[in-house]
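Chain residues, written in single-letter form:
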Amino acid sequence: MDAFEAIKATFFQECDELLADLEAKLMLLEQGQTDLETINAVFRAVHSVKGGAGAFGLEALVRFAHVFETLMDELRAGRKPCDAITIKTLLRASDVLADHIQAAQGLIPPVDEARSAALVAEMQVLTHGGEAPVEVEEDEDDFGFTPMAFDMALDEPASLPIADLGADAPSVGWRIVFKPMGRMYVNANETSLLLRELGRLGPVTVVVDDSETPTLDALSIEDGCLTWTVDLAAAVDEAAVREVFDFVESDCDLTITPLGAGGATDIGAFDDEPAAVLPASDDLDIAALLAKASGAAEPAAEVVPSAALEPEPAPAPIIATPVVEPVAAPVAATPAPASAPVAPAPVTIRVDLDRVDRLINVVGELVIQQAMLSQRVLESGLARSSGIALGLEDLELLTREIQDSVMAIRAQPVKSVFQRMPRLVREVADMVSKQVRLVTAGEDTEVDKTVVERLAEPITHMLRNAIDHGLETPEERVAAGKPAEGTVRLAALHRSGRIVIEISDDGRGINRERVKKIAVDKGLIAADAPLTDEQIDNLIFAPGFSTAAVVSDISGRGVGMDVVKRSIQALGGRISISSVPGKGSTFTLSLPLTLAVLDGMVVTAAEQTLIAPLPAIVESLTPQAVDLHFVGGVDPVIRFRDRFLPLIDVALIMGFREQPMNPTEGVAVVVETEGGQQAALLFDAIQGQRQVVIKSLETNYQQVEGVAAATILGDGRVALILDVDVLVTDMRRKSVRPDFKLAS
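Read on for a plain summary of the structure.

### A word on the pairing of strand S14 (residues 608–613)
The side chains of a regular strand alternate, first on one face of the sheet and then on the other. Most of S14 sits out of view: five of its six residues are buried. Relative to S14, strand S13 (residues 597–605) is paired through six bridges, and the arrangement is antiparallel. Considered in S14, the bridge of Met601 is made with Ala612. Two elements, S14 and strand S23 (residues 718–722), share two bridges in a ladder whose sense is parallel.

So, in structure tokens, the structure goes:
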């Protein structure tokens, strides 16, 4: 990939981030958070897309983004209300903007021109009011040039207030001197917008130096001809001034100095050109100033440098007071005082994910090699106080620190998934004519990037299911004594070394009788099958199962919840259901924080070495005969803190031996499942605690019941990592009458 294509690829990556932020902020607008900061964030996102698209010549994207940006500029200026109709239009515009970006990448065909033009017309009506402006084709003149159309009125230069060049300059504020380069205009940026933004910060005095402007026949867009000097008489910090030039700082020569500083150039240095005092509002007559700077008022074909003109007497200065225009929407955020310190932005770099994956693989191999060295030293019989043993302990600590740091690189908050969901909930609710409020929690919970990327599809399915099947219609809710608006909650949290995603609703709950009847009709279960509530609830995960009466765009095709279960299981996770009829349902997804490493307890069962995940272990103990009992003479239980727990012989239920072992000859490890259920796993012995590298058993061999994954031990052998939840809930029913007697 050449340098240009690499930069273009980076631009499209940034577009993905900008689109995600754009949609999140638009959803805040729809929820009523129409403060100026949120509107500005939308404007900045669209403006960034437009600027980058201009650099790569993506004309269709630039044209659409320009209209979008213009409407947002009207909103942030307070000239247009941020009402429901406007927000709906902006949401559809964000979809079309995303389509234009994907089309520019070649991922989809070009956007339908009729669809794009219709939305452009809607935005122009909202921007200008009344009918959308009609573009009239101008005939070319004799020289082959098409007359240019300006959307700003060109007033006479004399209408601008003139400052007295002999008057003292204000002592509080900043002097900004910037000279745009040609590429700034190529990137679809405009000087007028920059001056307007500065005008919002306070009163500004502007002088333009056009002495480098060539004659018309030598004029080139790639040459920067004008130098602008702006005095900003406002007590704002430098960061606020630099923020105005965020998008163009690399495309212009820029210096910012405090007013009154010894090194500052006197604004009277350009005494051949009167200075215009611009008010702190959006009504800046930038076009007139540009016209005056370029000599547009002169009929001569050649632009005469201003240095050749005799200065005219100037009237007394007119310094405009900042104008605070009314904003249509209430401003929720209070601006920080000018003296407040500005926290430095974190410095980040963009790294190809393949490089991070290679680094993680190498760290995994480092963990294995460190374990092998420790094993060799242990087998050699060296004392723990020897220099080699102590050095290996330091190496182990260093390896753990490297591994934690590398894992942190891949860690990513689930916010990137959660922020897509409000739009989904809104659209599904509209389709089924229901009132739905989405509540999110734990958006900053971090998890491995691979897990985050594969969470979007199952969460999408489950939210659609909650809205379509779980929530009642507004009329049904009111009749049941509930508010007409239903609530769906999406939450993330860390629990026992795993990430847990909960999707809950306050709807009707699962109708178990109906679910069982449908399962019988489809031949999934026998009509007389005795099922618990939990088993009936889990029938909705059966392939082809659906409770929808009719097929719609949302549901009814029998595809969805089974896909969710397979997706979660592929990530080494599990899903559970809790439902109360008439109150609602909660779906809980439990997933590993990372797919790379695991802290585990190394145990043996019938000469097989296994790994029990450390986060699931509560306690280990040696069974005593007095604490052991057999239910029905078959199923063993053990007394643990004044209650009895099932005692599961792991070697027996996994087929490592045919007869159960005497519990008093082994070690019991008390574990707890994600659902809070406890049991005791019986092993022959415990070897110790170790950090292991996770290897997918399903990818390299096949799925094995009761086994979550595999790893490589320090001696090179393969050890199986146990799936505690499956062992406790699904496999513990395998029982054999013991052939031993416990001591009395």
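### Section: the pattern of salt bridges
As enumerated under the stated definition, the model contains 32 salt bridges in all. Its salt-bridge partner being Glu30, residue Arg426 comes within 2.2 Å of it at the nearest N-O pair. Here Glu30 lies in helix H1 (residues 3–30) and Arg426 lies in helix H13 (residues 421–432), a separation of 396 residues in the sequence. Residue class for Arg426 comes out buried when judged on its relative accessible area of 16%. As a salt-bridge pair, Asp725 and Arg574 come within 3.5 Å of each other at their nearest N and O atoms. Residue Asp725 is located in helix H22 (residues 724–731), and its partner Arg574 is located in strand S11 (residues 574–580); the two are separated by 151 residues in the primary sequence. In terms of burial, Asp725 and Arg574 fall into one category: buried. Salt bridges here are not isolated pairs; linked through shared partners, they connect Asp73, Arg76, Arg196, Glu197 and Arg200.

### Describing a nonpolar patch on the surface
A contiguous nonpolar surface patch, about 220 Å² in accessible area, is contributed by Leu366, Leu398 and Ile402. On the secondary structure map, Leu366 appears in helix H10 (residues 353–380).

### So, the sheet that holds strand S12 (residues 584–592)
Sheet strands line up and pair through hydrogen bonds in the backbone, either parallel or antiparallel. Ordered by their spatial adjacency, five strands build an open sheet running S7-S9-S10-S12-S11, and the pairing between neighbours is mixed. Each edge of the sheet is formed by a strand with only one pairing partner; in this case those strands are strand S7 (436–441) and S11. Each adjacent strand pair in this sheet contributes to an overall mean axis angle of 15°, direction not counted. Examined bridge by bridge, S11 and S12 share seven bridges and lie antiparallel to one another.

### Structural notes on the sheet that holds S13
If you walk across this open sheet you meet the five strands as S21-S13-S14-S23-S22, and the pairing is mixed. The sheet terminates laterally at strand S21 (685–693) and strand S22 (707–712), the two strands that pair on one side only. Along the sheet, successive strands turn relative to each other by an average axial angle of 35°, direction set aside. Bridging between S13 and S21 involves eight bridges; their strand directions are antiparallel.

### Quick notes on helix H5 (residues 113–128)
Helix length check: H5 (16 residues) gives 22 Å between terminal C-alpha atoms against 22 Å at 1.5 Å per residue, within 8%. Within H5, burial applies to Ser116, Leu119, Val120, Met123, Gln124 and Thr127. Projection of H5 onto a plane perpendicular to its axis shows the buried side chains occupying an angular sector of 145°, all on one side. Those residues of H5 that are buried lie in contact with helix H3 (59–76) and helix H4 (84–105). Downstream of H5 by a residue or two, Gly129 has a phi angle that is positive, lying close to 80°.

### Here's the deal with empty space enclosed by the protein
On inspection of all chains with the given rule, the structure shows two cavities of 30 Å³ or more. Quantified by volume, the largest cavity comes out at close to 50 Å³. Residue assignment for the lining of the largest cavity shows that the elements contributing at least two residues are H10 and S21. Here the element with the most residues in the lining of the largest cavity is S21; it accounts for four residues. Among the residues forming the lining of the largest cavity, the class breakdown is seven nonpolar, two polar and one charged.

### Here's the deal with unusual backbone geometry
At Ala606, a position not held by glycine, the phi torsion is positive, near 50°. Turning to its location among the elements, Ala606 is positioned in the loop between S13 and S14. Ala606 gets classed as buried once you look at its relative accessible area, which sits at 18%. For Arg641, which is not a glycine, the phi torsion comes out positive at approximately 55°. By secondary structure assignment, the location of Arg641 is in the loop between strand S17 (635–639) and strand S18 (644–649). For Arg641, a relative accessible area of 58% puts it in the exposed group.

### Focus: the packing of aromatic side chains
For the coordinates displayed, the defined rule picks out three aromatic pairs. Where Phe11 meets Phe12, the ring centres are 5.3 Å apart and the plane angle is 50°; that geometry is what we call tilted. Comparing Phe11 with Phe12, the two get one shared label, buried. On the basis of an interplanar angle of 35° and a centroid distance of 5.4 Å, the ring pair of Phe11 and Phe56 is categorised as tilted. Linking Phe11 in helix H1 with Phe56 in the loop between helix H2 (36–55) and H3, this pair joins segments that are 45 residues apart in sequence. Each member of the pair, Phe11 as well as Phe56, is classed as buried.

### Focus: the packing of H4 against H13
In contact at an axis separation of 13 Å, H4 and H13 are set at 115° when each is read in the N-to-C sense. Judged by the sense of rotation from one axis to the other, the crossing of H4 with H13 is left-handed. Packed against H4, whose contacting residues are Lys88, Leu91, Arg92, Ser94 and Asp95, the element H13 presents Arg423, Arg426 and Glu427 at the interface.

The rules behind each value
- Residues numbered from 1 in each chain as written.
- Predicted model: local features only at pLDDT ≥ 70, side-chain atom pairs only at ≥ 80, totals over all residues.
- Heavy atoms only, no water.
- Buried < 20%, exposed > 50% of the residue type's maximum accessible area, 1.4 Å probe, protein only.
- Helix = DSSP H or I, 4+ residues; strand = E, 2+ residues; numbered from the N terminus.
- Pairing = 2+ DSSP bridges.
- Salt bridge = Lys/Arg side-chain N within 4 Å of Asp/Glu carboxyl O.
- Patch = residues over 30% accessible without salt bridge, like charges linked within 9 Å, V, L, I, M, F, W, Y side chains within 5 Å.
- Areas by Shrake-Rupley, 256 points an atom, 1.4 Å probe, with all protein chains shown as cover.
- Axes fitted to C-alpha atoms, helices over the stretch in contact; angles between N-to-C directions.
- Expected span 1.5 Å × (residues − 1).
- Arc of directions from axis to C-beta.
- Contact = heavy atoms within 4.5 Å.
- 1 Å grid on protein atoms, 1.4 Å probe; cavity = no way out; pocket = protein on both sides within 12 Å on 5 of 7 lines; lining within 4 Å.
- Points joined across faces, edges and corners; volume = space filled by probe spheres on them.
- Nonpolar A, V, L, I, M, F, W, Y, C, P; charged D, E, K, R; others polar.
- Phe/Tyr/Trp six-rings, centres within 6.5 Å; stacked < 30°, edge-to-face > 60°.
- Left-handed = near helix turned anticlockwise from the far one by under 90°.

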